[in-house]
Structure formats: structure tokens, C-alpha cells
Amino acid sequence: MTSTKIQTCVTGFPSIGENRELKWALEKYWSGQIPFEELESTAAALRKAAWLEQKSAGIDYISCCDSSLYDRMLDTAVIFGAVPERFASIEDPAELYFAMARGNSSGPAMEMTKWFNTNYHYIMPELKQNQAYECNSSLPVSRYREAISHGIVPRVNIIGPVTFLTLSRRTDGGRAIDLLPVFIPLYKKLLEDIASAANGRVLVQIEEPVAVSDTHSPTPDVFRQICDALAEVKGVDIIFSTYFDHATEAVKALRDVPLYGIALDFVYGPENLEALEYLNGKKLFAGVVNGRNIWKNNYSRTLALYETISRKVAPENIVLSTSCSLQHVPYSLRSEDKLDQQVRERLSFAVEKLHELADLSSIISGNVAAGSNGPLADNRAVFQSRSALFEMSADNEAARRSREGSRMSRKTAQKALNLPLLPSTTIGSFPQTPALRALRRDYKKGVIRSEEYDLGIKNYIHECIVFQEEAGLDVLVHGEPERNDMVEYFGEQLEGFAFTSNGWVQSYGSRCVKPPVIYGSAARVRPMTVDIIKYAQSLTSKPVKGMLTGPVTILNWSFARDDVPREKICQSIAAAISEEIDDLQRAGIRIIQVDEAAFKEGYPLRRSKREDYEKWAVECFRDAVSTARPETQVHTHMCYSDFSDIFDAIEALDADVISIETSRSGNDLLRIFEHRGYSGDIGPGVYDIHSPRVPSQAELEDEINSRLAVVPAESLWVNPDCGLKTRKWEEVKPAIRNMAAAAVNARKGVVHRG
Ligand code: GLN
Ligand code: ZN
């Protein structure tokens, strides 16, 4: 197709290792089993493996500083000396680093939050005006040298100043971005140090993903300002790197800035095609291989996209790239021999994506035959093979169903539940003990028989119910002992889902998740939770909540196939959940909670796309609960989120009760519910479940009373922030007893005041 060899680039590679080696080393180091040097040598071996993997695949642009011992935002904070005061006296660098990440006796860890709309969590830097920031370049410089020692001339990845500041928080009030004048000289110094270590020219990838988000992005002109400044540094070639959506405004603003290149994501931001006319001679790093999903690249489609791009950009200026860092996908398919072959052949993890880039480059460069064999033909064959496995069911009419009865009439019908004022409950899970994990593991491995497993689970449920009755809670739960994970548990029972053996993706630090793969329509084969909830309900006369994961969360926490609209897959999951709800209520369950922990994180970064997502996500939730009769009370739960910009959607979900996380922010998150007049009931968490601390009854009463200042008593529920599965019974028992007693007292207060 062209005579130029088209070059290839990888935005970044997973840190965690093919078999989560980094996780194991971190955990050993934290528990004192290995010294820091051993952790560092494991990490160095992983970096080397990642570099050689890319080199042997023939990738032209390979990065250093794309990986981290814990988190790259944290690394950036350390480079600039942005150390919170509570840790300032720690001298040992390793101790300081992990204290910032995880907390220690000097104080709590720095806050963690989601990286854009991914399921990766970064450490949020804490900044303030009057702090002496510095520039300590030893990390990037040593990584650069390390790559050179392995025969690779790397590009140095740096999180750009606008993204770094926008995602930080100011502890002294004010906006972090206002510190830009302080940080620009520090960034310049950083680039100078890297250039002098490189002894000549060096490529630096300045990552500014915030440029694609019009919800928290500053004006595009800021990018011009910083790039103008950074481009002055001698010996450095800058690639302005964006991902997760289009960055048209920024590209336009950078038109006249002398940059080496701009990286644009064409998978999640096809609108980037419109940005091409502003490139003005810069190289284009064209993100055409999806860095966030695990499906094989469809070469024919990518070649067509390349054709379109090459009409505007000269081939020698086009570099084929991943759409973002590959940290969001598992390492390699190499050990997935248990997967259904038909599913496996459609997948591509990080290592396989390297070969996709190499294939695409060879095909475009005309280095491989276009005939009936070769990578293009092989790839076409996969996409043309018709397999019943991948059939999607016909358009799901059911997806536009919603519940019978208005909210008011349902509230009347639900009076039959006989709940007191300020009813107390929990979010679903109780502590996952080592014994419980062992029970599930042994059962999965076939070490114990199902009778023994069932007995273990029933005993746990029995203890949970006894405890909750004793504590005086009003609405009980079964405790979720049978669930490893709130998505996996349902995925494993639904058709259309597959599970990898080693498809781990870093969630934060040493924590990894193994998202299910959704390859077809979800379908329920048989009831998934009915027996267990029925059993729990049989032990008590108080209502036990049925506990389900909502369709939007199941979708957002899975790798769903990318060749059908997400909403279609979501509709099929919703239909399955709606059948489960119907079975639960037929079995006598009167309250059902449908968790939507990942509802908010699924929002696209561009306003123009948010409406569409919101519309189908709300419809799918409504469809999922559409079978609930008016007298069946539907609850939903969402984890820590800012609800102010999605209030209408929350209202439209039309759940009878929503529980949310509020304990860390007092009434701040709740204001919007007051302000806009939420019409349902709310359970704003009264204590933080992320901490082992046991709140006293008096303290919890204060919390409840402060919620009463914002939410009318008839609509207020009392519950913790989230599920209790990560806590210990020693913490949970007194905390829940105190909470239930506090609810009783607060109730008396309300009645007394009339
Ligand atoms: N029901 C789940 C639990 O209690 C909800 C967890 C979540 O929303 N993250 O664990
Ligand atoms: Zn939660």
C-alpha cells in the first residue's frame, strides 16, 4: 500500500507482570518477608521483560516510566516533592513512598480515585500553595539508563502538568491548576535533566489525557502555554499524548507549537479525524489498537481507518499506536488454554496487541503478501467465521419496560412492610473471613463436596441473621458468603460470559481484578440467588433483602465485545436480572437491592456522549427492575461518587431507596438530593467502611441527626457507606450494634420532636 515502513508505538505496558509477580513481591515486602532490594529487582526484571517483549515484536517506539511500583501519579508527586506534611519526617524513600500510598503510623494514606472512566485507581496528590516543591529527576533518569542498558532507546513517559494538577487536590482551598506557574519551571527542569542524561536527543511523552474531557478540562489554551514552555528545552522532542476520547480543541490550540508529535485515540475518539488538519507537520501517533479492551483488532476496519488518515497525513508522519497504555488489559493470552477456543481466537491481550501493531505495519508497508495467507487473511477469517456462540439475540423489546405504579402509589403499597421510621440496614456483604475463602476455594477445586460447601454457607448465613436480629437492624441481608465478586458471581451463572484463568488487570497498587469476558447475549439459565435468599428469609420474620448486581455495573466491570453496541449487551443482562427479580418476589422476598456501583464511572468523558449513555443505562436499570411489583421495594446502591451532575439520572432510575457513600464528605454529596428534591428514600452512609475504626453510638447519632437536617425523616435510612466484606467481624459487630442503637435513639428523637 505504501513504500514507507510504517512505524509502531506502544503508549505503555502493564506493570504488574505476566503472573502478577509485582503483586506478590509488593505483598511480601509489605509483610516484611523480603527487603526492598528484592522488590526492586523483581520490578526491574518485569520492566526488562516488558521491553524485550516489545522489542522482539518489532515495536519502534518503546517507553520507559510507563510502569510503576505502585502508581504513576504517586511517582509524579514524589518527583516534585509533593509530600503531605504528615509524612514529611520519613527519611527512607521506600518507606515514604509506601506510606503515601497506603498510610502508616504517621497518618492515613492519600486518597485514591478512578483514573478517568477506567476501573484503575490512582493516588490523588495533595497540594497547597506554600510548599517548597522541587524536581527530583532520579526516577526517570535511572529508568532511561536502565532501558539503554537493555539495548532500547526509550521514550520517557511523563504525566503532563495540566493532568497532574487537574487530578490533584488542594488541601488549602483553591484550585490545584492555579499552581501551574509553580510547576512549569519544575517540569522544564525535569526535561532538562532527562535531556542531559540522554546526551543528545530524547523523546518525551507528555501525557495529557485531561485534554479529552470537557467535564474537567481547563481551556485548550493552557496546553499551548505549557507546550510552548516545554518545547523550549533543548534536546527534547515532545509527544503530546492524549487518550480515552478526542482532543480536537487541544490539537487546534497546539497548531503552531513545535512538537515532535501528537498522540490521538481513534478507538474512543473517532472525532479525532477532524483534528488532523491542525497537525501542521507533527507526527501523528494514531491510536488504532484498543488499549482498553481485549478483542482482536479487525484489520480490515483498521486499514480503512488508516486510508482515511493517510489522506490527510503523509505516511512517514503516521505511527500506528495503541489507543492508550496497555495497563488496562491483561498481559498475555499465553496461559489461557482453558478458554473456549472460539472465544480465545477472538481475543488479544497486551502481548498479542504488540503483534497486531506489527502486522498492521507490515500489511500497510506492503511487506507481506496480500493473498490468501498471511496476517490479513488470517484476521479476516476470524471475523468472517460465523459461530453460533456469538449470535446476539434479536432486538430486545423488553428493554423499554418499566415498573407498574407511580412512586407514591408504590410507597403506599410498601407500607405493608411495616418498617419503622429511619429503618436501619446494611449494604449486603458481611466480612469475608479466611475460613469462608477457603471454603469457596476448596469447593471450586473439588476438595470438598457440595453438601459440605452448602452447609458452610448456610452456617455463615445463619450467624449473620442471628447477629443482625440481635443488633436490632430492621432490614436484614444474607451476607453474600457465596460471592467472590459481585460481578463474577452473576457472570458465572449467565450464558454469554467467559472467564479467563490469568486475565488480571491492575486496579490499584497490588490489587488486580479479573473482569469477565462478555461474548454474547446474556441469558439466565436458572435462578441465581433465589435458594440462598429464601433460606436466609426462612430464618427470620424481618425482611431480608434480595441482593443483585445491576446490569450497568455488570457491563462496566466486564470486557464486553466491541462489535455490538454496549447498550444491546446491557439490555440482555437487564432482561436476565428482571427474571431473577420476579422469581425472588414469587419466593416471598419483599425487598430487593440492585447494586449499581459502577453506574457513574461508565459516563463518557465528553458531554455530547454522556446523554446517550445515560439514556440507555437508565433504561436498562429500569428494565431490570420492571418486574418488581408495586409492593416489592427496590433498593439500589452506588459507591462514592459526585452525584451533582447525574442527579436527573438517579431520579429517573426510579428506585424506591438509594444508598450512597457520604461519610467521608459529611452532607456535601447529599446537598444535591435536598436541593433538587429527590423523590425517593435515601440511605446516606453514616460511617466509613474503609477504615477499621469503630464509631461510637453517640457519634453515629450525631451523623444521623446531621443527615436529618438535609433529608426528611420519612425518607431517611440508616446504613454504612458500603458493603462490609473487607472488614473484620471484631470491627463490624460493635460498629453495626452501635449503628442500630443510634437509629433507635434518633427515631425516638424524631417522634418526640413530632
Ligand atoms: N452488595 C455489595 C456489598 O455489600 C455492594 C458492593 C459495592 O457496591 N461495591 O458488598
Ligand atoms: Zn458501595
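Criteria and thresholds
Residues numbered from 1 in each chain as written. Chains lettered and ligands numbered in written order. Predicted model: local features only at pLDDT ≥ 70, side-chain atom pairs only at ≥ 80, totals over all residues. Heavy atoms only, no water. Helix = DSSP H or I, 4+ residues; strand = E, 2+ residues; numbered from the N terminus. Rg over C-alpha atoms; globule rule 2.2 N^0.38 Å. Buried < 20%, exposed > 50% of the residue type's maximum accessible area, 1.4 Å probe, protein only. Contact = heavy atoms within 4.5 Å. Areas by Shrake-Rupley, 256 points an atom, 1.4 Å probe, with all protein chains shown as cover. Lys, Arg positive; Asp, Glu negative; His and termini not counted. Charge placed at Lys NZ, Arg CZ, Asp CG, Glu CD. Expected span 1.5 Å × (residues − 1). Arc of directions from axis to C-beta. Pairing = 2+ DSSP bridges. Axes fitted to C-alpha atoms, helices over the stretch in contact; angles between N-to-C directions. Parallel < 35°, antiparallel > 145°, perpendicular 65-115°, else oblique. Nonpolar A, V, L, I, M, F, W, Y, C, P; charged D, E, K, R; others polar. Phe/Tyr/Trp six-rings, centres within 6.5 Å; stacked < 30°, edge-to-face > 60°. Lys NZ or Arg CZ within 6 Å of the ring centre and 35° of its normal. Left-handed = near helix turned anticlockwise from the far one by under 90°.

Novice: What's the story with the overall build of the protein chain in this structure? I'm lost.
Specialist: A count of helical and extended segments in the protein chain gives 25 helices and 22 strands. Here the C-alpha atoms of the protein chain give a radius of gyration of 27 Å, agreeing with the 27 Å that 2.2 N^0.38 yields for 754 residues. Across its three principal directions, the C-alpha atoms of the protein chain cover 75 × 65 × 50 Å. Out of the 754 residues belonging to the protein chain, those deemed buried represent 59%. Pairs at least 24 residues apart make up 76% of the contacts formed inside the protein chain by residues separated by at least 6 positions. With an accessible surface of roughly 29300 Å², the protein chain has 49% of that area assigned to carbon and sulfur atoms. Side-chain charges in the protein chain split into 87 positive and 101 negative, and the spacing between the mean points of these groups amounts to 1 Å.

Novice: Whenever I open this one, helix α2 (residues 36-56) confuses me. Can you help?
Specialist: Three- or four-residue spacings in an α-helix give side chains the same orientation, since the helix completes a turn every 3.6 residues. In this model α2 runs 30 Å from its N-terminal to its C-terminal C-alpha over 21 residues, within 8% of the 30 Å that 1.5 Å per residue would give. If you check which residues of α2 are buried, you get Leu-39, Ala-43, Leu-46, Arg-47, Ala-50, Trp-51, Glu-53 and Gln-54. Down the axis of α2, the sector holding all buried residues measures 160°, keeping them to one side. Away from its buried face by more than 90 degrees, α2 exposes Glu-37 and Ser-56.

Novice: What am I meant to see in the pairing of strand β14 (residues 505-508) here?
Specialist: Inspection of the sheet shows β14 paired to strand β15 (residues 511-513) by 3 bridges, in the antiparallel sense. Pairing of Tyr-508 across the sheet is with Arg-511, part of β15. Hairpin connection, β14 to β15: the antiparallel pair is bridged by 2 residues, and Gly-509 has positive phi, about 45°.

Novice: How do you make sense of the packing of helix α10 (residues 299-310) against helix α13 (residues 375-384) when you look at a structure like this?
Specialist: When two helices pack together, their arrangement is given by the angle between the helix axes and the distance between those axes. It is at 8 Å that the axes of α10 and α13 come closest, and there the two elements cross at 120°. In terms of orientation, α10 lies oblique with respect to α13. Every residue of α13 that contacts α10 at Tyr-299, Ser-300 and Leu-303 is listed here: Pro-375, Leu-376, Asn-379 and Arg-380. When the residues that make up the contact of α10 with α13 are grouped by side-chain class, the tally is 4 nonpolar, 2 polar and 1 charged.

Novice: What should I look at first to understand the side chain of Ser-67 in this one?
Specialist: Along the chain, the position of Ser-67 falls in the loop between β2 (63-64) and α3 (72-79). With residues near it in sequence (within four places) discarded, Ser-67 still touches Ser-15, Arg-47, Arg-72 and Asp-75.

Novice: Can you walk me through unusual backbone geometry in this structure?
Specialist: Trans peptide bonds make up most of the peptide bonds, and negative phi angles are found at most residues other than glycine. Positioned with a positive phi, Cys-65 is a non-glycine residue whose angle comes to about 65°. If you trace the backbone, Cys-65 turns up in the loop between β2 and α3. Assessed through its relative accessible area of 10%, Cys-65 is described here as buried.

Novice: Is there a simple way to explain the sheet that holds strand β16 (residues 517-524) in this structure?
Specialist: Strand pairing in a sheet takes place through backbone hydrogen bonds and is either antiparallel or parallel in direction. Sheet architecture is open: 3 strands sit in the order β13-β16-β18, paired in mixed fashion. Looking along the sheet, the strands with just one partner apiece sit at the ends: β13 (494-498) and β18 (559-560). Where β16 meets β18, 2 bridges bridge the pair, whose relative direction is parallel. Bridge assignment links Val-517 to a residue of β18, and that residue is Phe-559. Across the sheet, helix α20 (residues 566-586) lies against β13, β16 and β18, angled at about 35° from β16, the strand it touches most.

Novice: What is the right way to read the packing of aromatic side chains from this model?
Specialist: Each aromatic ring pair is characterised by the separation of its centres together with the angle its planes make. Scanning all chains against the criterion turns up 33 aromatic pairs. Considering the side-chain rings of Tyr-29 and Phe-98, the 5.5 Å spacing of their centres and the 50° angle between planes classify their relative orientation as tilted. With Tyr-29 in helix α1 (residues 21-30) and Phe-98 in helix α4 (residues 93-102), this residue pair connects regions lying 69 residues apart in the sequence. What makes Phe-98 buried here is its relative accessible area of 6%. Relative to Trp-729, the ring of Tyr-460 has its centre 6.2 Å away and its plane inclined at 50°; by these criteria the two rings are tilted. Here Tyr-460 is found in helix α16 (residues 450-471), whereas its partner Trp-729 is found in helix α25 (residues 729-753), with 269 residues between them in sequence. According to the relative accessible area criterion, Tyr-460 is buried, its value standing at 7%. By relative accessible area, which is 18% here, Trp-729 ends up buried. What links up through ring pairs into an aromatic cluster is the set Tyr-29, Trp-30, Phe-36, Tyr-70, Tyr-97 and Phe-98. Between the NZ or CZ atom of Lys-458 and the centre of the ring of Tyr-535, over which it lies, the distance is 4.9 Å. Above the plane of the ring of Trp-729 lies Lys-733, whose end atom (NZ or CZ) is 5.3 Å from the centre.

Novice: Would you take a moment to explain the environment of Lys-725 for this structure?
Specialist: Mapped onto the elements, Lys-725 comes out in the loop between α24 (697-708) and α25. The partly exposed category is assigned to Lys-725, whose relative accessible area is 30%. Separated by 87 residues in sequence, Lys-725 and Met-638 place their C-alpha atoms 16 Å apart. Residues within four places of Lys-725 in sequence aside, it is in contact with Ser-429, Phe-430, Pro-431 and Gln-432.

Novice: Is there a simple way to think about the packing of helix α5 (residues 138-149) against helix α7 (residues 180-198) in this case?
Specialist: Contact geometry for α5 and α7: axes closest at 9 Å, N-to-C directions at 25°. Considered as vectors, α5 and α7 are oriented roughly parallel to each other. Classified by chirality, the crossing of α7 by α5 is right-handed. Contacts between α5 and α7 involve Pro-140, Val-141, Tyr-144 and Arg-145 from the first element and Leu-190, Asp-193, Ile-194, Ala-197 and Ala-198 from the second.

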